[in-house]
Amino acid sequence: MLAYKIFDYKKFEDSIVTAMEHSLRKWANEYDDIYILSLDCARDMTSIGIEANTRQYLSEQADTGSEDYWYYKYCEAEWELYDAGEYLEQISSYMRSYTEENEERFTNPETFAYLEAFDEHCDTIIETCKKALKRFRQAIHADFPDLLLTFNIGEYLDHKERTEIFASVNSKDASEEYAEHIDDFN
């Protein structure tokens, strides 16, 4: 049997927290109205990025009472800021190389369907990202107490998972609003 490299989930978590702090602090020097930040992971577990939005940009997209306000407020694809820079590229490179090295364990070569080993890796990546979000919340709470945090894997996480993750790192009021409007943006 072939020996496979082990993915260092703790290093991955630490790197995410550092990258998120770096991105937020960089953006905060340019924008004083960032209200939300999202950790965004590719479904194939080969890359990660950070997105954020400002109140000014949100107000340019939709008025508070408009039909599509919640879409622009919470839909990561519509936000102003995106970072996949040096820190995140290093993390993504690590993710990508691990996935490529384990392709035969992760994907059925005939159907291209993900196998159980990939699903286990994916689940562990998600849990690690959730831990990183919680650590990030603690690290930035004093300076950014009202910043909303989200986690996204495009077209993968269902409404229940997204709202549970959101509730784990945000206030009760914000979580209720997010859950109430999730059909408007997800």
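In the block above lies the structure referred to throughout.
All of the points below concern the structure found in this document. (Residues numbered from 1 in each chain as written. Predicted model: local features only at pLDDT ≥ 70, side-chain atom pairs only at ≥ 80, totals over all residues. Heavy atoms only, no water.)

**Overview of the state of the cysteines**
Thinking step 1. For the coordinates displayed, the defined rule picks out 0 disulfides.
Thinking step 2. Cys129 supplies the cysteine sulfur nearest to Cys41, a cysteine that is in no disulfide, at a spacing of 5.1 Å. (Disulfide = S-S within 2.5 Å.)

**Points about unusual backbone geometry**
Thinking step 1. Its identity is not glycine, yet Phe112 carries a phi of approximately 65 degrees, on the positive side.
Thinking step 2. Although it is not a glycine, Glu155 sits at a positive phi angle of roughly 55 degrees.
Thinking step 3. Looking at the element boundaries, Glu155 is found in the loop between β4 (148–152) and α7 (159–169).
Thinking step 4. The exposure class of Glu155 is exposed, given its relative accessible area of 85%. (Helix = DSSP H or I, 4+ residues; strand = E, 2+ residues; numbered from the N terminus. Buried < 20%, exposed > 50% of the residue type's maximum accessible area, 1.4 Å probe, protein only.)

**Description of the sheet that holds strand β2 (residues 48–54)**
Thinking step 1. Read from one edge of the open sheet, 4 strands run β3-β2-β1-β4, paired in mixed fashion. With partners counted over all chains shown, the strands left at the sheet margins are β3 (81–83) and β4, one partner each. For this sheet the average axis-to-axis angle between neighbouring strands, irrespective of direction, equals 20 degrees.
Thinking step 2. Looking at chain direction, β2 and β3 are connected through 3 bridges and run antiparallel. Across the sheet, Ala52 pairs through a bridge with Leu81, a residue of β3.
Thinking step 3. On the sheet, helix α6 (residues 116–140) packs against β1 (34–41), β2 and β4 and is oriented at approximately 170 degrees with respect to β4. (Pairing = 2+ DSSP bridges. Axes fitted to C-alpha atoms, helices over the stretch in contact; angles between N-to-C directions. Contact = heavy atoms within 4.5 Å.)

**Some thoughts on the pattern of salt bridges**
Thinking step 1. Under the counting rule described, the total for this entry stands at 11 salt bridges.
Thinking step 2. Residue Arg135 is joined to Asp14 by a salt bridge in which the shortest nitrogen-to-oxygen separation is 2.6 Å. One end of the pair, Arg135, is in helix α6; the other, Asp14, is in helix α1 (residues 9–30), with 121 residues separating them in the sequence.
Thinking step 3. For Asp14, a relative accessible area of 28% corresponds to the partly exposed category.
Thinking step 4. Note that Glu89 is salt-bridged to Arg96, the shortest N-O span being 2.6 Å.
Thinking step 5. For Glu89, a relative accessible area of 38% translates into the label partly exposed.
Thinking step 6. Connected through salt bridges with shared partners, the residues Lys10, Glu13, Asp14 and Arg135 form a single ionic network. (Salt bridge = Lys/Arg side-chain N within 4 Å of Asp/Glu carboxyl O.)

**Quick look at the environment of Glu164**
Thinking step 1. Note on placement: Glu164 falls in helix α7.
Thinking step 2. Owing to a relative accessible area of 46%, Glu164 belongs among the partly exposed residues under this scheme.

**With respect to the environment of Glu89**
Thinking step 1. With respect to the helices and strands, the residue Glu89 is situated in helix α4 (residues 86–101).
Thinking step 2. Expressed as a C-alpha distance, the spacing of Glu89 and Ser168, which sit 79 residues apart in the sequence, is 27 Å.
Thinking step 3. Not counting residues within four places of it along the chain, the set of residues in contact with Glu89 comprises Ala84 and Arg96.

**Describing a negative patch on the surface**
Thinking step 1. A surface patch of like charges, here negative, comprises Glu116, Asp119, Glu120, Asp123, Asp158 and Glu161.
Thinking step 2. Looking at the negative patch element by element, the count peaks at 4 residues for α6.
Thinking step 3. Structurally, Asp119 is set in helix α6.
Thinking step 4. What makes Asp119 partly exposed here is its relative accessible area of 34%. (Patch = residues over 30% accessible without salt bridge, like charges linked within 9 Å, V, L, I, M, F, W, Y side chains within 5 Å. Areas by Shrake-Rupley, 256 points an atom, 1.4 Å probe, with all protein chains shown as cover. Lys, Arg positive; Asp, Glu negative; His and termini not counted. Charge placed at Lys NZ, Arg CZ, Asp CG, Glu CD.)

**A closer look at the pairing of β1**
For a regular strand, the rule is simple: side chains alternate between the two faces of the sheet.
Thinking step 1. For β1, the tally of buried residues reaches 8 of 8 residues, placing the bulk of the element in the interior.
Thinking step 2. Summarising the sheet, β1 and β2 pair through 7 bridges and their orientation is antiparallel. Bridge assignment links Ser38 to a residue of β2, and that residue is Glu51.
Thinking step 3. Taken together, β1 and the strand that follows it, β2, pair antiparallel across an intervening segment of 6 residues, in which Met45 is found at a positive phi of about 60 degrees.
Thinking step 4. As defined by bridge partners, β1 adjoins β4 across 5 bridges and the pair is classed as parallel. Within the sheet, the bridge partner assigned to Leu37 lies in β4 and is Leu149.

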